[in-house]
Amino acid sequence: MHLVRGDDRPYPPAVRRSRKLLAVVGALALAALAFANTFRASPLPAPAPYAGPLPKASPPESMRLVPLLTGVTHRSAGFAYRGGSLLEKRDFSMAAALVRHPRGDVLIDTGLGKDIDAQFQLMPWWFRATTRFTRARSAGEQLDAIGYDRSRLRAVLLTHAHWDHVSGLPELAGTPAWVSAEERRFIDGGGWISAVARSTNARWEEYGFEGGPYLGFAKSHDVWGDGSIVVVPAPGHTPGSVIVFVTVPERRYAFVGDLVWQREGITEREERPWLQRTLADRDAGDVRTAILQMNALAQALPGLAIVPAHDARAFAEFTSPSPAGSLELR
Ligand SMILES: [Zn+2]
Ligand SMILES: [Zn+2]
């Protein structure tokens, strides 16, 4: 590297050496901070397995679950959860899931839309500087490509209203976006963290939690009344974050949104590293509570497929068994 002053005279060798030393020390200090940030002394304490009733569900035979991957964000395991390796690259899925149901299809989140580059400019500089993503075709583009009849799409059901979950809403204009009252207040409340959601001018529709306890969560909302799509409040990441339980004839799924970013967060009881918790979560204590509730469920129901919104492995497993991947309604 050629170090020069404004007048083009090179700095003396001693100055150049001390600048290099400073750069090395700075890089080492940053690396040490990054490792300290993701270090774990021990996982969260293990809860007792869930011992409550298994809620009844009678999903129609024609129900299908279709993953729509709309891009990736380039991260690492150590970025996602305490104890993960910073050297283990993880491409976070930016995804939507189409739940086909004879009474009306529901899209869980949207992933990245085709306007993401412009929307991303609404995020603060430090977020843009530390976030690298690659966009694929949006959910709307993928549905159009296969000739999907959009009149079948009843709503977009959001796990929460962060940028990477709402980005595709403008392409689905006319389809209502279902949110809880708490999340609606969060969207309207201002600030950078919900700026992309506000910019979508979506047709927000609020729903309530009229149903009783469900798999350890205090209240619930049964979308079609048959137990096939049941939403429970799981606040913490945002004030109105929810978990969507989807039961298709062959399997139960739990769409946990950003409760954790990778499934080790639940299976190994590891919350996000300190810095990520501080910046990304509205209430890290509530997130911790919900992680342990899901861990208790996972212990009791090993067949439950836990789907964090950004865990590409969980979406890859949708297509097995094979009927789940089909866009055709029988
Ligand atoms: Zn989020
Ligand atoms: Zn997210």
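Caption draft 1: Expanded view of the coordination of the zinc ion (ligand 1). Here the zinc ion (ligand 1) is held by the protein donor atoms His 160 (NE2), His 162 (ND1), His 237 (NE2) and Asp 258 (OD), which lie 2.1 to 2.3 Å from it. Here the zinc ion (ligand 1) binds 4 donor atoms, and the angle range of 88 to 166° at the metal identifies the geometry as irregular. We note that the donor set of the zinc ion (ligand 1) lies within a single chain, spaced as H-x1-H-x74-H-x20-D. Between the zinc ion (ligand 1) and the zinc ion (ligand 2) the interatomic distance amounts to 3.5 Å, and Asp 258 serves as a bridging ligand to the pair.

Caption draft 2: Structural context of the domain arrangement of the chain. Here the chain is partitioned into domain 1 (12–40) and domain 2 (70–325). Between the C-alpha centres of domain 1 and domain 2 there is a distance of 37 Å. Opposite the 6 residues of domain 1 that make contact, domain 2 presents 12 residues. Linking domain 1 with domain 2 are 0 salt bridges. Remark: the boundary between domain 1 and domain 2 carries 0 residue pairs in polar contact (both at pLDDT 80 or more). Split into classes, the residues belonging to the side of domain 1 that touches domain 2 amount to 3 nonpolar, 2 polar and 1 charged.

Caption draft 3: Examining the side chain of Thr 110 more closely. Topologically, Thr 110 is positioned in the loop between β3 (105–108) and α3 (116–120). We classify Thr 110 as buried; its relative accessible area is 1%. Polar contacts involving the side chain of Thr 110 include one to the main-chain amide nitrogen of Ser 167, which spans 3.4 Å. A polar side-chain atom of Thr 110 sits 2.8 Å from the main-chain amide nitrogen of Gly 168. Discounting residues that sit within four places of it in the chain, Thr 110 has contacts with Thr 70, Ala 95, Ala 96, Ala 139, Val 156, His 165, Val 166, Ser 167, Gly 168, Leu 169 and Leu 172.

Basis of the calculations
Residues numbered from 1 in each chain as written. Chains lettered and ligands numbered in written order. Predicted model: local features only at pLDDT ≥ 70, side-chain atom pairs only at ≥ 80, totals over all residues. Heavy atoms only, no water. Donors = N, O, S within 2.8 Å, 3.2 Å for Na, K, Ca; no water. Tetrahedral: all angles 85-135°; square planar, octahedral: opposite > 155°, others 65-115°. Domains from an automatic or database assignment. Contact = heavy atoms within 4.5 Å. Salt bridge = Lys/Arg side-chain N within 4 Å of Asp/Glu carboxyl O. Polar contact = N/O pair within 3.5 Å; in protein donor to acceptor, adjacent residues only side chain to side chain. Nonpolar A, V, L, I, M, F, W, Y, C, P; charged D, E, K, R; others polar. Helix = DSSP H or I, 4+ residues; strand = E, 2+ residues; numbered from the N terminus. Buried < 20%, exposed > 50% of the residue type's maximum accessible area, 1.4 Å probe, protein only.

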